[in-house]
Amino acid sequence: MFGMMLFLQQLMWAQKENLPHTLSLNFGTGSSSVLETYLTPYSYSGTDYRLTCFSEAVRDSGKWLGKHELSLDYSQTTNFSGRGLYHNGFINYNYTRLRRFELSARWTLAGGMGGDLLVGAIYNSRNSNNPAQAKLNLNSGLSALAEYQFTLRKRAFSVRYYTFIPLLGIGFAPEYGQSYYEIFRLGNSDGVVNLLSLHNQWAMSNRLSIQFPCGGYALQLGYFNTIYQTRIHQNETSLISHNLTIGISGDFMRLDKSRR
Amino acid sequence: MSKWIFTIFIGFLLASCVKEPQYSNTPRDNFEALWKLLDERYCFFEYKKLDWNDVHSRYSARISNSMSEEQLFGVMAEMLAELKDGHVNLFSSFDISRYWDWYEKYPDNFDEKIQRRYLGSNYLVASGIKYKVLNDNVGYMYYGSFSDAIGDGNLDQIISRFSLCDGIIIDIRNNGGGDLTNVDILAARFNNERRLVGYITHKTGKGHNDFSNPYPKYLGTTGRLRYQKPVVVLTNRACFSSANDFVSVMKQLPTITIVGDSTGGGSGLPFSSELPNGWSIRFSASPMFNANMDQTEFGIAPDVKVEMNSDDMKKGVDTLIEEARKLIKEKSKTS
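Reading guide: rules and limits
- Residues numbered from 1 in each chain as written.
- Chains lettered and ligands numbered in written order.
- Predicted model: local features only at pLDDT ≥ 70, side-chain atom pairs only at ≥ 80, totals over all residues.
- Heavy atoms only, no water.
- Helix = DSSP H or I, 4+ residues; strand = E, 2+ residues; numbered from the N terminus.
- Buried < 20%, exposed > 50% of the residue type's maximum accessible area, 1.4 Å probe, protein only.
- Contact = heavy atoms within 4.5 Å.
- Areas by Shrake-Rupley, 256 points an atom, 1.4 Å probe, with all protein chains shown as cover.
- Lys, Arg positive; Asp, Glu negative; His and termini not counted.
- Charge placed at Lys NZ, Arg CZ, Asp CG, Glu CD.
- Polar contact = N/O pair within 3.5 Å; in protein donor to acceptor, adjacent residues only side chain to side chain.
- Pairing = 2+ DSSP bridges.
- pLDDT = per-residue confidence, 0-100.
- Salt bridge = Lys/Arg side-chain N within 4 Å of Asp/Glu carboxyl O.
- Arc of directions from axis to C-beta.
- Core = buried A, V, L, I, M, F, W, Y, C linked by side-chain atoms within 4.5 Å.
- Phe/Tyr/Trp six-rings, centres within 6.5 Å; stacked < 30°, edge-to-face > 60°.
- Buried area = accessible area lost by both parts, 1.4 Å probe.

## Concerning the overall build of chain A
Next, step 1: Check the secondary structure of chain A and you find three helices and 11 strands.
Next, step 2: Listing the helices and strands of chain A from first to last along the sequence gives α-β-β-β-β-β-β-β-α-β-β-β-β-α.
Next, step 3: Looking at chain A residue by residue over its 260 residues, the buried ones come to 51%.
Next, step 4: Summarising the internal contacts of chain A: among those between residues at least 6 apart in sequence, 63% fall at separations of at least 24.

## A word on the overall build of chain B
Next, step 1: The helix and strand inventory of chain B stands at 11 helices and 12 strands.
Next, step 2: Counting only C-alpha atoms, chain B reaches 85 × 55 × 30 Å along its principal axes.
Next, step 3: Out of the 335 residues in chain B, the part that is buried amounts to 53%.
Next, step 4: Long-range pairs, those at least 24 residues apart, make up 74% of the contacts in chain B between residues at least 6 apart in sequence.
Next, step 5: Here chain B displays about 14700 Å² of accessible surface, and carbon together with sulfur accounts for 50% of that area.
Next, step 6: Across chain B, 39 positive and 42 negative side-chain charges occur, with their mean positions spaced 5 Å apart.

## A closer look at the side chain of A:Ser238
Next, step 1: By secondary structure assignment, the location of A:Ser238 is in strand E11 (residues 235–250).
Next, step 2: Since its relative accessible area comes to 7%, A:Ser238 is described here as buried.
Next, step 3: A polar contact is formed between the side chain of A:Ser238 and the side chain of A:Gln229, at a distance of 3.0 Å.
Next, step 4: Once residues lying within four places of it in the same chain are set aside, the contact partners of A:Ser238 are A:Ser33, A:Val34, A:Leu35, A:Tyr228, A:Gln229 and B:Val18.

## Things to note about the sheet that holds strand E3 (residues 129–133) of chain B
Residues and elements named next belong to chain B.
Next, step 1: Read across the open sheet, the seven strands follow the order E2-E3-E4-E5-E8-E9-E12; overall the sheet is mixed. Bordering the open sheet on either side are strand E2 (124–126) and strand E12 (304–305), each of which pairs with just one other strand.
Next, step 2: Pairing between strand E4 (residues 139–143) and strand E5 (residues 168–171): four bridges, direction parallel. Opposite Met141, over in E5, you have Ile170 as the bridge partner.

## Focus: the confidence of the model for chain A
Next, step 1: Within chain A, residue pLDDT values average 90, and 89% of them lie at 70 or more.
Next, step 2: Low confidence marks residues 255–260 of chain A, where pLDDT is under 50. Its contacts with residues over four positions away, or in another chain, come to five contacts.

## Side note on the pattern of salt bridges
It is possible for side chains of opposite charge to pair when their charged atoms get near one another.
Residue and element names in this part refer to chain B.
Next, step 1: Using the criterion set out here, one finds 33 salt bridges over all chains in the structure.
Next, step 2: The partner of Lys36 in a salt bridge is Glu40, and the shortest N-O contact between them spans 3.0 Å. Highlighted residues: Lys36 and Glu40, both in helix H2 (residues 27–41), separated by four residues, approximately one helical turn.
Next, step 3: Salt bridges sharing common partners tie together Asp152, Asp156, Arg189 and Arg224.

## Description of helix H6 (residues 112–119) of chain B
All names here are of chain B.
Next, step 1: Among the residues of H6, those classed as buried are Ile114, Gln115, Tyr118 and Leu119. Summarising the axial view, the buried residues of H6 lie within an arc of 145°, below the 170-degree limit, and thus occupy one face. Residues of H6 that are exposed and point more than 90 degrees away from the buried face comprise Lys113, Arg116 and Arg117.
Next, step 2: Those residues of H6 hidden inside the fold are in contact with E3, E4, E5, helix H10 (310–314) and helix H11 (319–334).
Next, step 3: Of the residues that open H6, the one with a side-chain oxygen 2.8 Å from the backbone nitrogen of Lys113 is Asp111.
Next, step 4: Gly120 lies just past H6 and shows a positive phi near 65°.

## Remarks on unusual backbone geometry
Residues and elements named next belong to chain B.
Next, step 1: One non-glycine residue, Lys84, adopts positive backbone phi at about 50°.
Next, step 2: Residue placement: Lys84 occurs in the loop between helix H4 (69–81) and strand E1 (89–91).
Next, step 3: Phi at Ser127 is positive, roughly 55°, even though this residue is not glycine.
Next, step 4: By the secondary structure assignment, Ser127 is in the loop between E2 and E3.

## Digging into the environment of B:Asp156
Next, step 1: The residue B:Asp156 is located in helix H7 (residues 152–161) in this model.
Next, step 2: Spatially, the C-alpha atoms of B:Asp156 and B:Asn89 are 37 Å apart, while their sequence positions differ by 67 residues.

## Observations regarding helix H3 (residues 52–60) of chain B
Residue and element names in this part refer to chain B.
Next, step 1: Along H3, the positions that sit buried rather than exposed are Trp52, Val55, His56, Tyr59 and Ser60. Taken around the axis of H3, the buried residues stretch over an arc of 115°, which confines them to a single face.
Next, step 2: The inward-facing, buried residues of H3 abut H2 and H4.
Next, step 3: For H3, the N-terminal capping position is held by Asp51, with its side-chain oxygen 3.1 Å away from the main-chain nitrogen of Asn53.

## Thoughts on the nonpolar core
Next, step 1: Membership of the largest hydrophobic core comes to 45 residues, with the highest contact counts inside it found for B:Leu38, B:Trp52, B:Leu83 and B:Phe283.
Next, step 2: At the level of secondary structure, the elements contributing two or more residues to this core comprise strand E4 (85–102), strand E5 (107–124) and helix H2 (180–185) of chain A together with H2, H3, H4 and strand E11 (280–290) of chain B.
Next, step 3: When near neighbours in sequence (up to four residues on either side) are disregarded, B:Trp52 contacts B:Trp35, B:Leu38, B:Asp39, B:Phe45, B:Met79, B:Leu83 and B:His208.
Next, step 4: Counting 41 residues, the second largest nonpolar core, distinct from the first, contains B:Cys239, B:Val249, B:Met250 and B:Leu253.

## Section: the packing of aromatic side chains
Next, step 1: Per the stated rule, a full pass over the model turns up 27 aromatic pairs over all chains.
Next, step 2: Measuring from centroid to centroid gives 6.0 Å for A:Phe172 and A:Tyr180, while their planes differ by 55°, and the two rings are tilted.
Next, step 3: Assessed through its relative accessible area of 15%, A:Phe172 is described here as buried.
Next, step 4: An angle of 75° between the planes, with centres 4.7 Å apart, marks the rings of B:Tyr143 and B:Phe146 as edge-to-face.

## A look at the interface of chain B and chain A
Next, step 1: Facing the 46 residues of chain B at the interface are 43 residues of chain A.
Next, step 2: Sorting the residues of chain B by area buried against chain A places B:Val18, B:Arg41 and B:Glu274 first, and these three jointly supply 17% of that buried surface.
Next, step 3: Taken together, chain B and chain A are joined by two salt bridges.
Next, step 4: Across the salt bridge formed by A:Arg185 and B:Asp184, the nearest N and O atoms sit 3.7 Å from each other.
Next, step 5: Inspection of the chain B/chain A interface yields 20 residue pairs in polar contact (both at pLDDT 80 or more).
Next, step 6: Of all the secondary structure elements, the ones that give two or more residues to the side of chain B that touches chain A are helix H1 (2–16), H2, helix H8 (180–187), strand E7 (215–219), strand E10 (268–274) and E11 of chain B.

This is the structure:
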């Protein structure tokens, strides 16, 4: 809800100030590796699918960049023997505000801070009273962006790298051998809300993309990597995904105006 | 200063790094993985006074990397039987290991053919519960599995039908358990106030004694139909897991009498995991206690011990049902 408010505020600001506001939609597929020791001690791997929506707006004469990102991620993973199956589904919302530095006509660097919300679950199709592990994590962290623009055959290309590293937050996690029956049916929620920092969490997302014009829009090709690892109550979680992505982006608000 | 900051940063990172246990899919590694998994997560080692290290040394000697899958499964199944726990099973594609001594070594105290003589063919069924008013105006309901979901509307129908009876017999013999939620739904129909009915703990770490503080379990009431007359619960050794919990809960209620044999136990909430070869393992992970903080892992004694009489059986009479009818008649006269 808070993210939606920020997004709408950004949209309204961009329209009011007549500033560029880019919307992007990307689809990615690749591999996923999942370790969740609350369910089993071993890694599961399989195919990952990710749909991501971005919204970016530059403000204050290009000094600041506001960036929203909403990802829907699903993977189906199996264990080494092929006898076990996980369904993994996550919604990830990320908002960052970055200070931009246009070093030259080609190079732009930006750095900033933001918030990240991860909601989802890992479901094991054959477990009894520990069939799933839910994730609900809210983090603040650092973000950085580097962009290089160039022309090739009179067409403008840009290569961009973006990263976000969660540093401090809170997250839900049952205790070592605690069942969801005890937490939700009996109401024992002691210890399920945990502080997250580098002592028990290592996570980052990396996105490398190339963008070039295609009609009135821009086509994006890229690589997206996410690493999310925690060790809470002696239960370990590791979610690693590698995706090749394809997407489209454009200043849709401005295009709407020109059509009116 | 910067060196210190760097060292602290690296220390934090190493602390958060996730290390997956490394096992290969050999009989030896599968055995070690099974032993370690239970060593870290099984919840009854101390209560059962089982030396798990000693178990390791005895069974490890029988493992060799040249043994077949069936041979490995056999040794593992024997090792798991040392836990004397009906909630411990190893699942392979060709077999399921199990420990059933908790009821196989005891009298059945239940005969479906004899039960059919009481139910006849005109009994009703709701939420998996077979029910009927017996000819002496005693309500009889048979609930064979707590896996059968109970609907509030169904219970309203059953209790409404029994409302003019002198009492109810709830027969849960041979009920091997299921969903604990159904325990509360059913028991709440016989409870008039929020009541302490037990405790639960869970493991907080890998040590055999790493447990959380006991957390109380309360049975609430329901705003729907509640039964106020005498109730008898029939039990035998094949009442296990959720059925065992049901008996533990019902024992706290004033209008209830437990009749029959001791239950089979199974008070550990089971979790699942797996071995490197993909075999699945189920084990007790979170112990539950009765309202006096007593363990019920090995069963709950009835209030009135009754066993099936062989002469009765020859006549097609269920000794436990007859005793329950007698008790209800006595109680209904005094109440």
